[in-house]
Amino acid sequence: MSTPSNTVSGGLPRRRLLRNPPHWTTVLAVLVLLVVVAMAVFAPLLANFEPTKLNAAMRLKPASNIYWLGTDSFGRDLYSRVVYGARVSLLVGAGVATGAILIGLPLGLLAGWYRGIDGVLMRMMDGLMAIPGILLAIAIVALVRGGLITVIFAIMIPAIPQVVRLVRARVIAAREETYVDAAMLLGTRPAKLIWKHLLPTTIAPLIVQGTYMYASAILTEAALSFLGVGIGTEIPSWGNIMAEGRLYFALNHWLVFWPAIVLSLCILSINLLGDALRDRLDPKMQGRSP
Amino acid sequence: MASYFLRRLLMAIPVMFFVALFVFLLLRLTPGDPAQAIAGDQATPAQLAAIRENLGLDKPIASQFAAWISSMAEGDFGHSLISQRPVLEMIGQRIGPTLALAVMAMIFTVIISLPLGVLAAWRHGGLVDRFVMALSVVGFSVPIFVIGYVLIAVFAVDLKWFPVQGYKPLTEGFGPFLHRILLPGLALSFFYIALVSRMTRASMLEVMREDYVRTARAKGLGERIVLFRHALRNAAIPILTVVGTGFAMMVSGVVVTETVFNIPGLGRLVVDGVLARDYPLIQAIILLTAGTYVLINLVIDLSYALSDPRIRYQ
């Protein structure tokens, strides 16, 4: 369990974050993520070509000095497309994680605090969880169509129950704590009690859960695009680059493998970051091997 | 015991009710005219009318829902907008390859991840343990289609051990069937192996601190019997839980794997249904998979109660 130095100064998460040097995998993960963010932000500077520029004379060329990763079946530069693909993935991940928390957090607080609505709300969430996320997302995208916003919405809806469950469990655990009893006895109004005493206990686990949701949203977006029901092919995303590349897989594996490598590294890094955050933010994990 | 079973069964009803409600509302809450959303922009008025008729869109919304539920209770899940055939019949024709794929993946999962997880916990901190922990992170991060293509590139294109794509039903012989289902099964199981071996490891680590494990060792039982007969049995409940909740992810894995390996199963049916905007078909597949999910978790819950009396009296 915790060492003496932990119990003396282990109060604030931020301090705990900075004390122990991070594991090398965490450092590597952060570096990879910085590169991916740089790809998204500086895409026009980093790319050698317009990602959508067609060139019929240059179809399916191998890697060269001009086309660093070769070209696809429309003669578009694969490297430039992969760089631009980072934008969609990061946006989708951010949109889904933020949206699911914004909707799930209040619902979870309500379910945890007001026992009356807990039963119905949680059966609703169970129902939502029973529908495999990708099927729900596929159906939403198919019906609503539209681009990025629809995809974010479609991936976010199945993610909401995870947030609600997490927050509710935290609130129910916190209700048993003496400080909550004390606040109630002092006559604190429920709204203030929830805001000042219950909400803060949910923040650390939500950050961790948000990280995992971010990663899994990127994964789902890629799967949707790969299946041909994601955002349109006019915006390059790692998923739809792979979907187009797979038709020429026998000719050139790398049309699929380059976006696949970048995508996998990106998700892997986010998950590693999530694990590191979990180990650091959760007091129970202190000094314990994962 | 009977009352626990009954209570648990009754709990599944509201869950399924909400599943049905969500699936129902999905179409009705779509902005604009749902018939238009299905038929697309180039639909003729006659096509739109046919869709409204098929889905009963001209009636009040509550009675639409009631009619829909009661027709499903009679086993009528509606007709495809494209082929006009009963969707249940279409699903029945395509379920075989999907089941074969899922069973194959489960077999791989059990024979690979249980020994891995047990070994990792047995030599906590050792090589296998590190491998399992690394595998679990990688397994959650690498998309199934990427794994599928790596397997195809190595084992089908380069080594030529397996065909690149395709499916042969069991009725055409066990050899050809196995030859085509092995790679997709392995691809699909990858995620599950990561999940189950990690859970096995964690659960075994908990159990191995228990007194009865020490007792078993103290009375001179062989390590293998202690691990697999005493510890693994008691570690089974969290492992089973994760298998049950993992089912939802298995479904998304199936959809993608079938696309990668060109297997004519339910996953392909759903994607083709979506591309053709065949709403009754999508609706039925979502409902049936959600029902299966609820059922699997129900069975797992009930099997705990059978194996562990403490749960029944909660």
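What you see is a predicted model, and the numbers here were worked out from it, not measured in a lab.

## What to know about the overall build of chain A
Next, step 1: Each helix and strand in chain A was counted, giving 13 helices and zero strands.
Next, step 2: Helices (α) and strands (β) of chain A occur, in sequence order from the N terminus, as α-α-α-α-α-α-α-α-α-α-α-α-α.
Next, step 3: A separation threshold of at least 6 residues defines the contact pool for chain A, and within that pool the share at least 24 residues apart is 68%.
Next, step 4: Put simply, chain A shows about 13,500 Å² of open surface, and 69% of that area lies on carbon and sulfur atoms.

## Digging into unusual backbone geometry
Next, step 1: Even without glycine at this site, B:Gln84 takes up a positive phi of about 65 degrees.
Next, step 2: Within the secondary structure layout, B:Gln84 lies in the loop between helix H4 (61–73) and helix H5 (87–122).

## Focus on the packing of helix H7 (residues 133–144) of chain A against helix H11 (residues 190–227) of chain A
Residue and element names in this part refer to chain A.
Next, step 1: Close contact between H7 and H11 brings their axes to 11 Å; oriented N to C, the two are set at 55 degrees. Between H7 and H11, the interaxial angle falls into the category oblique. As H7 packs across H11, the resulting crossing turns out to be right-handed. Packed against H7, whose contacting residues are Ile134, Ala137, Ile138 and Val141, the element H11 presents Ala223, Leu224 and Leu227 at the interface.
Next, step 2: Class assignment of the residues belonging to the contact of H7 with H11 gives a composition of seven nonpolar, no polar and no charged.

## Focus on the pattern of salt bridges
Next, step 1: Under the definition given, this model contains 14 salt bridges over all chains.
Next, step 2: A salt bridge links A:Arg165 to A:Asp126, with the nearest nitrogen and oxygen atoms 3.0 Å apart. Residue A:Arg165 is found in helix H9 (residues 160–175), and its partner A:Asp126 is found in helix H6 (residues 115–130); the two are separated by 39 residues along the sequence.
Next, step 3: When its relative accessible area of 40% is taken as the criterion, A:Arg165 is described as partly exposed.
Next, step 4: A:Asp126 gets classed as buried once you look at its relative accessible area, which sits at 16%.
Next, step 5: A salt bridge links B:Arg85 to B:Glu89; the nearest nitrogen and oxygen atoms lie 3.4 Å apart.
Next, step 6: The exposure class assigned to B:Arg85 is partly exposed, which follows from its relative accessible area of 29%.

## A closer look at the packing of aromatic side chains
Next, step 1: Here the structure, examined in full by the defined rule, presents 15 aromatic pairs over all chains.
Next, step 2: Ring centres 5.4 Å apart and planes at 40 degrees place the aromatic pair A:Trp254 and A:Trp258 in the tilted group. Separated by four residues within a single helix, A:Trp254 and A:Trp258 lie in helix H13 (residues 254–281), roughly one turn from each other.
Next, step 3: Look at A:Trp254 and you get partly exposed, because its relative accessible area is 42%.
Next, step 4: On the accessibility criterion, A:Trp258 (31% relative accessible area) is partly exposed.
Next, step 5: Plain terms: the ring middles of B:Phe155 and B:Trp161 are 5.7 Å apart, the flat faces sit at 40 degrees to each other, and that makes the pair tilted.
Next, step 6: Joined through ring pairs, the aromatic side chains of B:Phe17, B:Phe18, B:Phe22, B:Phe24, B:Phe65 and B:Trp68 make up one cluster.
Next, step 7: Directly above the aromatic system of A:Trp113 lies the positively charged group of A:Arg175, at a separation of 5.1 Å from the ring centroid.
Next, step 8: For A:Arg246, the ring lying beneath its charged end belongs to A:Phe226, and the centroid distance is 5.2 Å.

## What about the nonpolar core?
Next, step 1: Judged by nonpolar contacts, the single largest core of 173 residues is most densely connected at A:Ile138, A:Leu224, A:Trp238, B:Phe145 and B:Met204.
Next, step 2: A total of 15 residues in this core trace back to one element, the largest contributor, which is helix H5 (residues 78–113) of chain A.
Next, step 3: Residues contacting B:Met204, with those up to four places away along its chain left out, are B:Val118, B:Ala121, B:Leu227, B:Ala231, B:Leu232 and B:Ala235.
Next, step 4: Counting five residues, the second-largest nonpolar core is a separate cluster that includes B:Leu116, B:Ala120, B:Leu135 and B:Ile193.

## So, the interface of chain B and chain A
Next, step 1: Between chain B and chain A, the residue contacts involve 51 residues of the former and 44 residues of the latter.
Next, step 2: Across the interface of chain B and chain A, roughly 3,900 Å² is buried in total on both sides, 77% from carbon and sulfur atoms.
Next, step 3: The largest share of the area that chain B buries against chain A comes from B:Phe22, B:Phe145 and B:Tyr149, three residues that together contribute 16% of it.
Next, step 4: Between chain B and chain A we count zero salt bridges in total.
Next, step 5: At the boundary of chain B and chain A, one finds one residue pair in polar contact (both at pLDDT 80 or more).
Next, step 6: The dominant element in the side of chain B that touches chain A, judged by the number of residues it contributes, is helix H1 (residues 2–28) of chain B, at nine residues.
Next, step 7: Residues that form the side of chain B that touches chain A fall into these classes: 39 nonpolar, eight polar and four charged.

## Topic: a nonpolar patch on the surface
Residues and elements named next belong to chain A.
Next, step 1: Together, Trp24, Val27, Leu28, Val30, Leu31 and Leu34 make up a nonpolar patch on the protein surface, roughly 600 Å² of accessible area in all.
Next, step 2: Summarising the element assignment, Leu31 is placed in helix H3 (residues 24–41).
Next, step 3: Take Leu31: its relative accessible area is 47%, and that puts it in the partly exposed class.

## Concerning helix H13 (residues 266–275) of chain B
Next, step 1: Most of H13(B) is tucked away: eight of the 10 residues are buried.
Next, step 2: Buried within H13(B) are the following residues: B:Leu266, B:Gly267, B:Arg268, B:Leu269, B:Val270, B:Val271, B:Gly273 and B:Val274.
Next, step 3: Structurally, H13(B) contributes buried residues whose contacts are with H7 and H11 of chain A together with H5, helix H12 (247–261) and helix H14 (279–307) of chain B.
Next, step 4: Downstream of H13(B) by a residue or two, B:Arg277 has a phi angle that is positive, lying close to 55 degrees.

## Observations concerning the environment of A:Val82
All names here are of chain A.
Next, step 1: In this fold, Val82 is placed in helix H5.
Next, step 2: Taking relative accessible area as the criterion, Val82 reaches 5% and is therefore assigned buried.
Next, step 3: Each C-alpha atom, one on Val82 and one on Ile134, is 24 Å from the other, the two residues being 52 residues apart in sequence.

What counts as what
- Residues numbered from 1 in each chain as written.
- Chains lettered and ligands numbered in written order.
- Predicted model: local features only at pLDDT ≥ 70, side-chain atom pairs only at ≥ 80, totals over all residues.
- Heavy atoms only, no water.
- Helix = DSSP H or I, 4+ residues; strand = E, 2+ residues; numbered from the N terminus.
- Contact = heavy atoms within 4.5 Å.
- Areas by Shrake-Rupley, 256 points an atom, 1.4 Å probe, with all protein chains shown as cover.
- Axes fitted to C-alpha atoms, helices over the stretch in contact; angles between N-to-C directions.
- Parallel < 35°, antiparallel > 145°, perpendicular 65-115°, else oblique.
- Left-handed = near helix turned anticlockwise from the far one by under 90°.
- Nonpolar A, V, L, I, M, F, W, Y, C, P; charged D, E, K, R; others polar.
- Salt bridge = Lys/Arg side-chain N within 4 Å of Asp/Glu carboxyl O.
- Buried < 20%, exposed > 50% of the residue type's maximum accessible area, 1.4 Å probe, protein only.
- Phe/Tyr/Trp six-rings, centres within 6.5 Å; stacked < 30°, edge-to-face > 60°.
- Lys NZ or Arg CZ within 6 Å of the ring centre and 35° of its normal.
- Core = buried A, V, L, I, M, F, W, Y, C linked by side-chain atoms within 4.5 Å.
- Buried area = accessible area lost by both parts, 1.4 Å probe.
- Polar contact = N/O pair within 3.5 Å; in protein donor to acceptor, adjacent residues only side chain to side chain.
- Patch = residues over 30% accessible without salt bridge, like charges linked within 9 Å, V, L, I, M, F, W, Y side chains within 5 Å.

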